[in-house]
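Inside the fold
The residues making up each chain are set out below.
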Amino acid sequence: MADLKDFAEQLVNLTVKEVNELATILKDEYGIEPAAAAVAMAGPAAGGGDEAEAQTEFDVILKAAGGAKLAVVKLVKELTGLGLKEAKGLVDDAPSAIKEGVTKDEAEALKTQLEEAGAEVELK
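Presented here is a report on the structure given in the accompanying data block. (Residues numbered from 1 in each chain as written. Predicted model: local features only at pLDDT ≥ 70, side-chain atom pairs only at ≥ 80, totals over all residues. Heavy atoms only, no water.)

**Some thoughts on a negative patch on the surface**
A cluster of acidic residues, Asp105, Glu108, Glu115, Glu116 and Glu120, forms a negative patch on the protein surface. Top element by residues in the negative patch is helix α6 (residues 104–116). It accounts for 4 residues. Mapped onto the secondary structure, Glu120 falls in strand β3 (residues 120–123). (Patch = residues over 30% accessible without salt bridge, like charges linked within 9 Å, V, L, I, M, F, W, Y side chains within 5 Å. Areas by Shrake-Rupley, 256 points an atom, 1.4 Å probe, with all protein chains shown as cover. Salt bridge = Lys/Arg side-chain N within 4 Å of Asp/Glu carboxyl O. Lys, Arg positive; Asp, Glu negative; His and termini not counted. Charge placed at Lys NZ, Arg CZ, Asp CG, Glu CD. Helix = DSSP H or I, 4+ residues; strand = E, 2+ residues; numbered from the N terminus.)

Right, dumping it as structure tokens:
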């Protein structure tokens, strides 16, 4: 059981680059396409529900870094747990998702923090 916990911890602590490498290995060596599986699982739930149902998960989208790019990069690094290079990449590639599938309260808190640092943020 301890081995599985260690494995889970290793997965949770992967950087964006390592996750991309893992996805490539799974696809090339085992024929597993992680992104396709996630879309296939999310597709029916997103498409066929009651339209009046309230949104429970939000994506925090960085639209622009604003004037204080360095402060925004540091905050993105802190909020996401990414390395400095990966955080800078997210900020440089704006618009980009900072966090996906978070609660409304968490999304609002992230938006407030990012806006205080000078960023333009959108919730979807």
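**A short note on the packing of helix α4 (residues 69–80) against helix α5 (residues 84–92)**
At a closest axis distance of 8 Å, the pairing of α4 and α5 adopts a crossing angle of 120 degrees. On the basis of the axis angle, α4 is oblique to α5. For the pair α4 and α5, the crossing hand works out as right-handed. Residues Lys69, Val72, Val73, Val76 and Lys77 of α4 pack against Leu84, Ala87, Lys88, Leu90, Val91 and Asp92 of α5. Among the residues making up the contact of α4 with α5, the classes are represented as 7 nonpolar, no polar and 4 charged. (Axes fitted to C-alpha atoms, helices over the stretch in contact; angles between N-to-C directions. Parallel < 35°, antiparallel > 145°, perpendicular 65-115°, else oblique. Left-handed = near helix turned anticlockwise from the far one by under 90°. Contact = heavy atoms within 4.5 Å. Nonpolar A, V, L, I, M, F, W, Y, C, P; charged D, E, K, R; others polar.)

**Considerations on the nonpolar core**
With 21 residues, the main nonpolar core has Val60, Val72, Val76, Val91, Ile98 and Leu114 as its most contacted residues. For this core, the secondary structure elements donating two or more residues are β1 (58–64), α4, α5, β2 (96–102) and α6. Here this core gets 5 residues from one element, more than from any other, and that element is α4. (Core = buried A, V, L, I, M, F, W, Y, C linked by side-chain atoms within 4.5 Å. Buried < 20%, exposed > 50% of the residue type's maximum accessible area, 1.4 Å probe, protein only.)

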